[in-house]
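Take a look at the letters that make up each chain.
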Amino acid sequence: MPNKRLFCSASTHESWRVMLLLLLLVCVCTWDIAQTEKALVVSRTDARTEDNRGTMGTRSIKKRSTDSAVEVYSVMVHCTVTSRFAHTVMTSKALNKASTSQEIFFEVELPKTAFITNFSMEIEGQVYVGEVKEKEKAKKQYEKAVSSGQTAGLVKASGRKMEKFSVSVNIASNSSVTFILTHEELLKRNLGHYEILTRVKHQQPVQEFQIVADIFEPQGIAFVEATASFLTNDLLSLVEKTVTDNKAHISFSPSMEQQRKCLGCEGSIIDGDFIIKYDVKREKSLGQVQIVNGYFVHFFAPPDLPRIPKNVVFVIDRSGSMAGRKIEQTRDALAAILKDLHEEDHFALILFDDKIITWKNSLTKASKENLSQAIKYIRKLRDNGSTNINDAVLRAVNMLMAGRRNKDVPERSADMIILLTDGMPNSGESNLKKIQQNVRSAIAGKMSLFSLGFGNDVDYSFLDVMSKQNKGLARRIFEGSDASLQLQGFYEEVSSPLLLDVNLQYPENAVLFLTQNHYSQLFNGSEIVVTGRVTDNNLDNFLVEVLAKGPEEDFSVQGKASVMNFDTIYPGQDYVNGDFSERLWAYLTIQQLLENSDIGTPQEKENATAKALDMALRYSFVTPLTSMVVTKPETEDGPEGPLIADKLTEDQRQKAERRGVSVARGSSSRAFKASGSSSGGQFDGSLAYDDDALDLIPDYMDVLYSDSVNQASGIHLRLPLPFTLNLLFFCMHLLFYKFY
């Protein structure tokens with residue numbers, strides 16, 4: 001025992017280096033590498049060696065097999081879009097050809113903006129269907145299952161735009177299982193198009209593979225494009241696209257041989273994102289107002305509007321935490337953004353750490369000479385000091401107010417502040433609530449605040465609430481080689497305001513439960529969507545009017561809604577049932593209620609949350625307030641615990657990324673999972689450890705780590721610093737356990 005303590009407390013620098021190296025080697029060597037699939041993981045564990053306490057992510061060591069015991073013979077994705085509302089069904093079928101029962105894992109990725117609406121498993125004619133419940137009730141059911149040693153499923157973040165849904169089920173010998181996941185969302189127009197993103201990543205070719213999208217747009221389809229990151233010249237010809245005036249059909253269905261990376265190879269080339277982009281025809285200034293089955297929806301994005309001049313103050317964090325790559329990327333992005341300013345725009349630059357520094361003390365016209373000088377100034381941007389967000393934003397507000405008072409800017413122009421920061425305020429006012437109050441009071445509804453949170457050290461929820469309180473929005477900027485492009489991309493979205501103070505008005509006695517119908521601005525390439533329930537049967541009097549401020553004069557347009565009969569427009573065609581208009585209304589209402597629940601008075605927040613919860617339960621949407629519970633079939637060892645599917649908030653996603661991991665709910669998930677890609681494919685394994693040592697693992701180790709890194713050869717693990725430290729602490733626990 002003394003010798004062991006002497007080893008663990010070695011004081012020389014070289015001894016510690018040796019010990020840390022040994023610890024890291026111990027951790028790396030324990031990874032059990034096995035082939036899996038990303039978007040669909042189908043793998044097995046022999047029931048005879050299965051720990052009866054759980055399945056997916058449990059304490060037992062699980063080796064995922066790549067042999068022919070489990071055959072995935074069908075993977076299908078069918079997306080139907082009706083008037084921008086997307087209904088996607090993801091189906092996978094697998095057969096257990098082994099002589100013993102096997103554990104089959106199923107993983108799919110869906111856009112983080114989508115709501116899961118249904119999940120089912122069909123096993124030997126028996127269907128197990130998910131039920132949406134209030135999150136707290138689902139949590140109690142989950143905890144009850146965990147306390148009895150059973151398992152549960154999870155949803156975790158997957159990259160910037162997606163989240164991963166995972167389940168597992170034990171299948172008897174020579175039995176099959178069909179997994180079906182359904183999700184829905186209202187497609188958002190961005191930079192002039194809508195996007196349907198399908199992530200398809202499977203390791204082995206499958207007998208039946210198909211991606212199908214049917215788009216129904218009564219307004220008319222302007223264009224449709226279909227691309228994929230994995231499309232070769234040979235596969236490109238397999239993308240079939242049929243487009244008529246108001247509908248489009250896109251399909252991609254390669255054979256097993258066409259899915260292979262090469263002739264005779266086992267691996268599949270289907271690994272990446274399949275993206276469909278489209279837009280609709282826009283001929284009327286009013287937009288299109290559809291009435292379908294008692295609900296109306298108004299799409300407003302008039303064509304050919306002149307842009308409104310803008311007055312923008314860039315508030316840039318240059319504190320010490322911005323050192324290195326961040327400050328370099330910020331310089332590059334700002335230089336590109338400044339070049340994009342129009343001559344009628346006005347701008348200002350504010351740099352801040354613990355001090356507030358302005359390039360000039362007032363707004364400056366975006367002339368070529370001024371922009372050239374500003375770019376030279378930005379090129380000298382260096383990091384220094386701490387972070388005083390409060391005073392920096394207030395200085396920006398004062399500059400815009402002064403520009404108005406002194407009539408230095410056009411009367412019809414848009415005032416905006418773009419804040420970029422990567423950390424928490426630690427100089428000047430540091431109380432987050434107080435900063436929000438100060439900024440809201442100073443702005444007083446007279447300008448928009450857009451906040452960009454760079455990296456994971458920033459409190460995104462703080463920026464998000466502060467922006468929403470001031471007619472703006474927040475966006476996360478992820479650290480990476482494309483951070484500069486992310487910054488430029490966000491600016492492009494808000495760089496061209498077309499209308500200000502947009503009011504969309506409908507007959508008061510003819511509509512109920514109206515979604516938001518006042519917007520502070522309409523940007524080029526975007527779209528305003530308003531929907532509600534129609535109560536007046538006399539639809540001839542359903543008059544719609546839009547009022548707004550344009551660059552030179554007020555914008556005003558009015559017209560009547562048109563009743564849509566989809567059976568007439570699309571005879572013999574299937575679309576998202578007859579209730580798509582109602583579900584579109586429900587989706588948008590819930591989204592807006594959730595956004596508003598972050599702002600307003602405590603009573604307003606409570607009311608918004610209660611209404612969003614009620615609607616989510618009524619329409620079976622998995623939201624941050626609800627969970628989907630699936631009771632799994634019984635096994636030889638008795639009943640299985642339920643699957644719990646949650647909806648992650650952006651704040652939860654960020655907290656997971658701060659640890660370099662994705663959080664897995666429940667103490668039953670104390671497994672480590674790493675995934676990477678090599679020339680031989682992906683690997684997926686669980687960290688092996690002695691079951692008796694489990695009690696030594698602290699709660700903060702209850703995580704799943706998921707990452708994929710493509711390398712030309714060999715396997716490469718990218719371990720973020722927090723994850724690496726946690727891994728080392730975990731190994732130390734194991735070593736101490738073995739020593740003592």
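Small disclaimer: the values here were computed from a predicted structure and weren't measured.

Student: If you had to explain the confidence of the model for the protein chain to someone new, which residues and values would you point to?
Tutor: The pLDDT averaged across the protein chain works out to 80; a share of 76% of its residues lies at or above 70. In the predicted structure, residues 1-18 sits below a pLDDT of 50 and forms eleven contacts with residues beyond four places in sequence or in another chain.

Student: Run through the sheet that holds strand β25 (residues 497-505), naming residues and quoting values.
Tutor: One open sheet holds the four strands; their spatial order is β27-β25-β29-β30, and the pairing between them is antiparallel. For this open sheet the edge positions go to β27 (518-523) and β30 (554-560), each flanked by a neighbour on one side alone. For this sheet, the mean angle separating the axes of adjacent strands, direction not counted, is 25 degrees. The pairing of β25 with strand β29 (residues 543-549) spans four bridges and is classified as antiparallel. Of the residues in β29, the one forming a bridge with Gln505 is Glu545.

Student: A description of the pairing of strand β4 (residues 115-123) should follow, citing residues and the corresponding values.
Tutor: Extensive coverage of β4 is indicated by the burial of seven of its nine residues. Bridge count between β4 and strand β9 (residues 176-186): eight bridges; the pairing is antiparallel. Counted as the bridge partner of Ile123 is Val177 from β9. Pairing between β4 and strand β5 (residues 126-129): four bridges, direction antiparallel. For Ile123, the partnering residue across the bridge sits in β5 and is Gln126. Two successive antiparallel strands, β4 and β5, enclose a turn made up of two residues, where Glu124 displays a positive phi of approximately 50 degrees.

Student: Give me the lowdown on the packing of helix α6 (residues 325-339) against helix α11 (residues 483-494), citing residues and values where you can.
Tutor: When two helices pack together, their arrangement is captured by the angle between the axes and the distance separating the axes. One way to put it is that α6 packs onto α11 with a least axis distance of 8 Å and a crossing angle of 35 degrees. In this structure, the crossing between α6 and α11 has a hand that is right-handed. Contacts from Gln329, Thr330, Asp332, Ala333, Ala336 and Ile337 of α6 reach α11 at Ala483, Ser484, Leu487, Gln488 and Tyr491. Looking at the contact of α6 with α11 residue by residue, the classes come out as six nonpolar, four polar and one charged.

Student: So what's going on with the nonpolar core? Which residues, and what values?
Tutor: Phe314, Leu338, Leu341, Phe347 and Ile418 are the most contacted members of the largest nonpolar core, which totals 34 residues. Only β18 (310-317), α6, β19 (346-352), α7 (368-379), β22 (414-421), β23 (448-454) and α11 provide two or more residues apiece to this core. Among the elements that take part in this core, α6 stands out by supplying six residues, more than any other. With residues up to four places along the chain from it excluded, the contact list for Ile418 reads Val312, Val313, Phe314, Val315, Phe450, Leu452, Tyr491 and Val494. Leu187, Phe209, Ile250 and Ile276 belong to the second largest nonpolar core, which has 30 residues in total.

Procedures and definitions
Residues numbered from 1 in each chain as written. Predicted model: local features only at pLDDT ≥ 70, side-chain atom pairs only at ≥ 80, totals over all residues. Heavy atoms only, no water. pLDDT = per-residue confidence, 0-100. Contact = heavy atoms within 4.5 Å. Pairing = 2+ DSSP bridges. Helix = DSSP H or I, 4+ residues; strand = E, 2+ residues; numbered from the N terminus. Axes fitted to C-alpha atoms, helices over the stretch in contact; angles between N-to-C directions. Buried < 20%, exposed > 50% of the residue type's maximum accessible area, 1.4 Å probe, protein only. Left-handed = near helix turned anticlockwise from the far one by under 90°. Nonpolar A, V, L, I, M, F, W, Y, C, P; charged D, E, K, R; others polar. Core = buried A, V, L, I, M, F, W, Y, C linked by side-chain atoms within 4.5 Å.

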